[in-house]
Amino acid sequence: MELLKLLLILIAVLSNIHTMKSSEFLVHEYYKEKCPLAEEIVRHNMEVAIFKDPRLAASLLRLHFHDCFVMGCDASVLLDSVEGMTSEKQAGPNLNSLRGFEVIDKIKYLLEEECPLTVSCADILAMAARDAVELRGGLRWDVWLGRKDSLESSFSGANLFIPAPNSSLHTLINNFKQQGLDVEDLVVLSGSHTIGRARCVSFRQRIYETKQEYHYGYDYDHYKRYTTFRRILGSICPVKGRDNKFAPLDFQTPKRFDNHYFINILEGKGLLGSDNVLISQDMDGKIREQVWSYASNEKLFFTSFAKSMIKMGNINVLTGDAGEIRRNCRFVNT
Ligand code: HEM
Ligand SMILES: *[C@@H]1O[C@H](CO)[C@@H](O)[C@H](O)[C@H]1NC(C)=O
């Protein structure tokens, strides 16, 4: 009798744990029954948007990153400013830089027609980032879904947690560690800079830094090749002015999602300071090894990238009863 009671309690506890889990974590095919066309609608609209403006692939991939690094992947980055709350869009790393919000608006509008209050803005960002990579030639992965949207944004968080392009390797490593991401995630996710562009203000310091500032621990050849490249960059981006002139992050294949980023940084031809420090400040050679393996094996880069994107997409997600499904990604529901 006692044993039976104990067994029943045990079963109750175990099944409780199980139901807790299914509402607390992200799953594949979250919308299979709730909104069967969700992934297709996102994918189709990404195709249309990227056909018109290929750079939007890069911009939407970056939006997901900037969302996840501030309070988690909760679509906080999509909120517009309202009285008493300045948007993340106004923060230093995002202002005049983040783009692609209209694509999310359109997708959200169509999803609200198809299945009202069902698909979160945070999930749209995760799906759009996945589709962006695939549509530019990268590998598709199964995206985990079931995120809820935040009720607030964090202007200060965006200034604090989005890494700056002039960060040292040490700073970048710590920045990613704060998000639960390790050095390998940092390196493989930096491979996103195989598509898209940066403004002159983002890479000026890297052109005009002195030889002392350039930590050329690697070898001297590396430094010399870098100065030739620097002349080319200098013609786009002078010491003063032309702040908003663009250069492609990957000069070789700017529109293709491929492993060229890693070949570039081995040659000292990463556009941003943060790209170059991966090699120039890597004193024990561990990162260089990882970079070499991606530079010589694109497939390995693709599978590692997908793994780290899924990890990034899991940062502090709101699930279950937390947060809400926004009706309009720019505003919390009233
Ligand atoms: C490692 C730290 C990183 C730093 C310091 C950094 C910094 C930057 C900067 C400064 C730009 C150019 C912005 C501008 O000038 O307007 C940029 C562009 C971009 N970043 Fe990063 N980034 C980092 C990591 C990442 C990660 C993890 C991803 C994606 C998972 C990513 C995806 C992109 C993309 C796709 C673009 C091009 C956007 C466009 O063309 O619209 N970055 N990044
Ligand atoms: C990075 O750039 C910012 C803004 O341009 C500047 O204020 C800061 O001092 C720079 N940091 C380093 C380490 O150079």
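What you are looking at is a predicted structure, and each value in this text was computed from that prediction instead of being measured. (Residues numbered from 1 in each chain as written. Chains lettered and ligands numbered in written order. Predicted model: local features only at pLDDT ≥ 70, side-chain atom pairs only at ≥ 80, totals over all residues. Heavy atoms only, no water.)

## Brief notes about the UniProt feature "active site" (unreviewed entry) in the chain
Then, number 1: Under the UniProt annotation, "active site" (unreviewed entry) lies at H66.
Then, number 2: For H66, the contacting residues outside a window of four places in its chain are V77, E88, P93, N94, L98 and I162. (UniProt positions renumbered as here; feature names shortened; annotations may be inferred. Contact = heavy atoms within 4.5 Å.)

## Points about the state of the cysteines
Then, number 1: Taken as a whole and assessed by the stated rule, the structure comprises 4 disulfides.
Then, number 2: One disulfide in the model links C121 with C329; its S-S distance is 2.1 Å. Looking along the S-S bond of the C121-C329 disulfide, the torsion reads about -95°, which is the left-handed sense. Linking C121 in helix α5 (residues 121–135) with C329 in the segment after α14 (298–312), this pair joins segments that are 208 residues apart in sequence.
Then, number 3: Here C121 falls in the buried class, since its relative accessible area comes to 0%.
Then, number 4: Among the residues examined, C329 registers a relative accessible area of 1% and is labelled buried.
Then, number 5: Paired by a disulfide, C200 and C237 hold their sulfur atoms 1.9 Å apart. Every disulfide takes its handedness from the sign of the S-S torsion; for C200 and C237 that torsion is 70°, giving right-handed. Of this pair, C200 sits in helix α9 (residues 200–208) while C237 sits in the loop between α10 (220–236) and β2 (246–248); the two residues are 37 residues apart in sequence, bridging distant segments of the chain.
Then, number 6: According to the relative accessible area criterion, C200 is buried, its value standing at 0%.
Then, number 7: Residue C237 is classed as buried on the basis of its relative accessible area of 0%. (Disulfide = S-S within 2.5 Å. Helix = DSSP H or I, 4+ residues; strand = E, 2+ residues; numbered from the N terminus. Buried < 20%, exposed > 50% of the residue type's maximum accessible area, 1.4 Å probe, protein only.)

## Concerning the coordination of the iron atom of ligand 1
Then, number 1: The protein gives the iron atom of ligand 1 a lone donor atom, H193 (NE2), placed 2.1 Å from the metal.
Then, number 2: With respect to the helices, strands and loops of the structure, H193 is situated in the loop between α8 (183–190) and β1 (197–199). (Donors = N, O, S within 2.8 Å, 3.2 Å for Na, K, Ca; no water.)

## As for empty space enclosed by the protein
Then, number 1: Per the counting criterion, the structure on display carries 1 cavity of 30 Å³ or more.
Then, number 2: Space inside the largest cavity adds up to approximately 70 Å³.
Then, number 3: As for the largest cavity, its lining consists of H64, A126, A129, R130, W141, V143, W144, R147, M309, I310 and G313.
Then, number 4: Those elements that provide at least two residues to the lining of the largest cavity are α5 and α14.
Then, number 5: If you tally residues by element for the lining of the largest cavity, the top one is α5, at 3 residues.
Then, number 6: For the lining of the largest cavity, a count of residues per class yields 7 nonpolar, 2 polar and 2 charged. (1 Å grid on protein atoms, 1.4 Å probe; cavity = no way out; pocket = protein on both sides within 12 Å on 5 of 7 lines; lining within 4 Å. Points joined across faces, edges and corners; volume = space filled by probe spheres on them. Nonpolar A, V, L, I, M, F, W, Y, C, P; charged D, E, K, R; others polar.)

## Brief notes about the layout of surface pockets
Then, number 1: Here the largest pocket defines a volume of roughly 890 Å³.
Then, number 2: Surrounding the largest pocket, 39 residues form its lining, R62, F65, H66, H193 and L272 being those nearest its centre.
Then, number 3: Contributions of two or more residues to the lining of the largest pocket are made by α3 (55–68), α6 (155–161), α7 (169–178), α8, β1, α12 (273–280) and α14.
Then, number 4: Per-element accounting of the lining of the largest pocket gives the leading share, 7 residues, to α3.
Then, number 5: Class assignment of the residues belonging to the lining of the largest pocket gives a composition of 21 nonpolar, 12 polar and 6 charged.
Then, number 6: Taken domain by domain, the makeup of the lining of the largest pocket includes at least three residues from each of domain 1 (15–163) and domain 2 (184–308). (Domains from an automatic or database assignment.)

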